[in-house]
Amino acid sequence: MRKVESFKVATYPAVIIVFLLFAGMLFVYFTNALPALHRYGLDLYLENVWRAAEEPSEEVYGIAAAIWGSIYTSIIAILIALPLSVAYSVFVVDYAPKRLKNAFIILSDIMAGLPTIIYGIWGAFFLVPFLRDWIMKPLYDHLSFIPLFSYPPVGGYSYLSAGVLLAIMVTPFASAIIREAYNMVPFTYREAIYSLGATRYEATKILLGYIKPAIISGTILAFGRAVGETVAVSLVIGNTFNLTTALFAPGYTVSSLIANQFGNAFIYEYMTSTLFAAGLILFVIGLAVNVVGLKMLKRWERDVNI
Amino acid sequence: MLTSNRKTKEKVFFIGIGALTILIFIPLFHIIATVLIKGFPVIAERGTKFLTGTLSEGGIGPAIAGTFILTFLSALLGLPVAFLVGVYAYEYPKSTLGQWTKTLLQIMIEFPTILVGVFVMQVVAVPMGTYSALAGALALAIILTPYVAVYTHEALREIPSTYREAGFSLGLTRAKVVFRILAPMAKRGILTGILIGMAKVAGETAPLLFTAGGLYESYPSSVTKPVGAVPLLIYQLVQSPNPVDHATAWGASLVLLAIFLGIFIPIRLSLKEVRL
């Protein structure tokens, strides 16, 4: 009989626990979502209604607005974060003197790790009024004929506020990935470009083309972070069902919907199940986005190292 | 003519990316300044009562106690598993299970934390019939585990493979080589991972929403009873219409910021690279 290695005896249970936890999560979300999925079918994800009622037969739920809000705010966030993090990476790797470079990297790490609730309180008490008075009001006053700016910014809690706050939160995260990739560009490439007499600007343009896959995967992973963010978003988005592209309109995201409604969901027959269905879609989006982003990044890193 | 055009472009480019880089950090400084300006007077005015008193006395003592309990309890629950998983991923980097494990850990780091909270609520808090410190700590442990595992894995990988070979050539078993020789050598890296994971979970809010419950009028007495936490308290106070609650929230934010920076900066300064 072959002797079982004691190393495996020690480590296998831990590995199995982690896998079981993850599978268990998927299972719990799926089974708890089933009653709502049975009852409302795909309309649950495609319709925008939220009618809670004591009488179960009158309950109707459709979380399209929340799904839209999650995607919309995350897109706003990465549209802002992408140019910022690319500029940061180039500046830190190519231009900044060593000391400044370290300072920037440390600051960026602090920003990435800062408790999200601190972004939340700052967002609710400073960012929202600031954006309302300095960005939304002027745009609404002068350009409200454009559909994007057509919603009157009353409270300031809106898709835009959430998107901007998310951008601030995910920029350091995307920056770290892109900076690392930009740093990994083989030195000979730089030498070759400069030897052709290129300026730094021209060299950067070429090198950014070289790390394009890493930039894309960094953006995808940042999108994944933004989709999953909960408390900071729920404090600035206004928590209203609103299926619109108007930037200044209050909205909902899937995670803020869960955070807001779960507390009293038990009173209603189908609300808990609906929220589990919302969690399930968040689960699927989060998993898909991260798998794609991580795979792309890994493939690129392997190609560079060859 | 052409050259000067290229040089102008170069200058504009430099100024552009410099300005954007600085723009990234303006919010950070503004946040820290705001938390200090709004939080400090609150703490100064209420004195030590703010740090030890209950919420109706104007303090956040129970929440601070809750945060420490939750953080240490989650470390206690998560560390053994995280360490062993990290070791496994290091020992079998080429095997299918090993690669899956690594991918899973990375996915778990990126995973929406609210989902972990709701999951633990359903499997722990609902059967127990009450929110509890245990449920909160379990949710945090699930979030802490991948951080510690990834750091353990990285720390082990930095050890030159000659030590491994030397260990095996002496006829030691795999377990002896890994746990007796390599793990002690990677001690520092592993410890860093533990501290970073703890700094991370100490600031988490979403996983606690439906697990910890909240307890702000008395100190926690049992792990099977509800417990408060500083981030959770801030979240609830921000949503209150009462300005006094807002003041307390700012004071609590300053405390939370101090806890986070207190753990994070010393580690970060003694280290080349951090992944969050």
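Residues numbered from 1 in each chain as written. Chains lettered and ligands numbered in written order. Predicted model: local features only at pLDDT ≥ 70, side-chain atom pairs only at ≥ 80, totals over all residues. Heavy atoms only, no water.

**Topic: helix H4 (residues 98-113) of chain A**
What sets the pattern is the α-helix's 3.6 residues per turn: residues three or four places apart point alike. As a reminder, the rule being used: Each helix is a run of DSSP H or I of at least 4 residues and each strand a run of E of at least 2, with the numbering of both proceeding from the N terminus. Given a helix with a known number of residues, its expected span is that number minus one, times 1.5 Å. Relative accessibility thresholds used throughout: buried, under 20% of the residue-type maximum; exposed, over 50%; partly exposed, between the two (1.4 Å probe, protein chains only).
Here H4 of chain A spans 23 Å end to end across 16 residues, near enough to the 22 Å set by a 1.5 Å rise per residue. Taken residue by residue, H4 of chain A has Phe104, Ile105, Leu107, Ser108, Asp109, Ile110, Met111, Ala112 and Gly113 of chain A as its buried positions.

**Quick word on the packing of aromatic side chains**
Rule in force here: Aromatic contacts are taken between Phe, Tyr and Trp rings whose centres are within 6.5 Å, Trp giving its six-membered ring; a plane angle under 30 degrees counts as stacked, one over 60 as edge-to-face, and the others as tilted. By definition here, charges over rings are those cases where NZ of Lys or CZ of Arg is within 6 Å of the ring centre and within 35 degrees of the ring normal.
Here the structure, examined in full by the defined rule, presents 36 aromatic pairs over all chains. Members of the aromatic cluster, joined through ring pairs, are Phe22, Tyr29, Phe262, Phe266, Phe276 and Phe283 of chain A together with Phe111 and Phe210 of chain B. Sitting above the plane of the tyrosine 95 of chain A ring, arginine 200 of chain A keeps its charged end 4.6 Å from the centroid. Directly above the aromatic system of phenylalanine 173 of chain A lies the positively charged group of arginine 225 of chain A, at a separation of 4.1 Å from the ring centroid.

**Some remarks on a nonpolar patch on the surface**
Here is the rule we go by: Put simply, a patch holds well-exposed residues, over 30% relative accessible area, that have no salt bridge, with like charges counted together within 9 Å and Val, Leu, Ile, Met, Phe, Trp or Tyr side chains within 5 Å. Per-residue and other accessible areas follow the Shrake-Rupley method at a 1.4 Å probe size, with only the shown protein chains counted as cover for residues. By definition, a salt bridge exists where a carboxyl oxygen of Asp or Glu is found within 4 Å of a side-chain nitrogen of Lys or Arg.
On the surface, a nonpolar cluster with roughly 520 Å² of combined accessible area is contributed by Tyr12, Ile16 and Leu20 of chain A together with Leu97 and Trp100 of chain B. Every element with two or more residues in the nonpolar patch is listed here: helix H1 (6-40) of chain A together with helix H4 (96-110) of chain B. At three residues, H1 of chain A tops the list of elements feeding residues into the nonpolar patch. Residue position: leucine 97 of chain B is located in helix H4.

**Let's talk about the layout of surface pockets**
The condition is simple: Cavities and pockets are found on a 1 Å grid laid over the protein atoms alone: a cavity is a set of points where a 1.4 Å probe fits but cannot escape, a pocket is an open set with protein on both sides within 12 Å along at least five of seven lines, and a lining residue has an atom within 4 Å of such a point. Grid points are joined across faces, edges and corners, and a volume is the space filled by probe spheres set on the points. Ten residue types, Ala, Val, Leu, Ile, Met, Phe, Trp, Tyr, Cys and Pro, are classed as nonpolar, four, Asp, Glu, Lys and Arg, as charged, and the remainder, Gly among them, as polar.
The volume enclosed by the second largest pocket comes to roughly 460 Å³. In this structure, the second largest pocket is lined by 20 residues; those nearest its centre are Leu127, Val164 and Ile168 of chain A together with Leu23 and Pro27 of chain B. Elements that contribute at least two residues to the lining of the second largest pocket include exactly helix H3 (64-95), helix H5 (116-143) and helix H6 (159-184) of chain A together with helix H1 (2-46) of chain B. Here the lining of the second largest pocket is built from residues that sort into 18 nonpolar, two polar and no charged.

**As for the domain arrangement of chain B**
All names here are of chain B. The cut-off we apply is this: For the domain bounds, the source is a domain assignment made automatically or taken from a database. Contacts are assigned to residue pairs with any non-hydrogen atoms lying within 4.5 Å of each other. Here the quantity called buried area is the total loss of accessible area, with a 1.4 Å probe, experienced by two parts when brought into contact, counted for both.
One can read the domain layout of chain B as domain 1 (1-46) and domain 2 (62-273). Relative to domain 2, the C-alpha centre of domain 1 lies at a distance of 32 Å. Taken together, the contacts link 10 residues of domain 1 with nine residues of domain 2. Together domain 1 and domain 2 conceal approximately 780 Å² of surface at their shared face, both sides included; 84% is due to carbon and sulfur atoms. It is Val35, Ile43 and Arg46 in domain 1 that bury the most area against domain 2; as a group they hold 50% of the surface buried on that side. For the pair domain 1 and domain 2, the number of links is zero salt bridges. When its residues are assigned to classes, the side of domain 1 that touches domain 2 shows six nonpolar, two polar and two charged.

**Notes on the environment of proline 138 of chain A**
Residue and element names in this part refer to chain A. Turning to its location among the elements, proline 138 is positioned in helix H5. Classification of proline 138 by relative accessible area gives partly exposed; the value is 32%. It is 9.9 Å that separates the C-alpha atoms of proline 138 and phenylalanine 149, two residues lying 11 residues apart in sequence. With residues near it in sequence (within four places) discarded, proline 138 still touches Arg132 and Asp133.

**With respect to the interface of chain A and chain B**
The partner chain B presents 79 residues to the 82 residues of chain A that form the contact. For the chain A and chain B pair, buried surface summed over both sides reaches about 7500 Å², with 79% attributable to carbon and sulfur atoms. A salt bridge links glutamate 202 of chain A to arginine 6 of chain B; the nearest nitrogen and oxygen atoms lie 2.6 Å apart. The dominant element in the side of chain A that touches chain B, judged by the number of residues it contributes, is H1 of chain A, at 18 residues. Split into classes, the residues belonging to the side of chain A that touches chain B amount to 53 nonpolar, 20 polar and nine charged.

**Some remarks on unusual backbone geometry**
Residue and element names in this part refer to chain A. Despite not being glycine, asparagine 239 has its phi angle at roughly 50 degrees, a positive value. Within the fold, asparagine 239 resides in the loop between helix H10 (231-236) and helix H11 (254-265). You can call asparagine 239 partly exposed: its relative accessible area is 21%.

**Some details on the side chain of threonine 101 of chain B**
Residue and element names in this part refer to chain B. In plain terms, the rule: Nitrogen and oxygen atoms within 3.5 Å of one another constitute a polar contact, given that in protein one can donate a hydrogen and the other can accept it, and given that sequence-neighbouring residues count only through two side-chain atoms.
Mapped onto the elements, threonine 101 comes out in helix H4. Its relative accessible area of 2% is what places threonine 101 among the buried residues. Here leucine 97 takes part through its backbone oxygen, which lies 2.5 Å from a polar atom of the side chain of threonine 101.

**A short note on the nonpolar core**
What counts here: To define a nonpolar core, start from buried Ala, Val, Leu, Ile, Met, Phe, Trp, Tyr and Cys residues and group those joined through side-chain atoms within 4.5 Å.
Residues Ile63, Tyr119 and Ile211 of chain A together with Ile114, Val118 and Ile234 of chain B are the most contacted members of the largest nonpolar core, which totals 203 residues. Two domains each provide a minimum of three residues to this core, namely domain 1 (1-46) and domain 2 (62-273) of chain B. Residues in contact with valine 118 of chain B, not counting those within four places in the same chain, are Tyr29, Ile258, Phe262 and Phe276 of chain A together with Phe210 of chain B.

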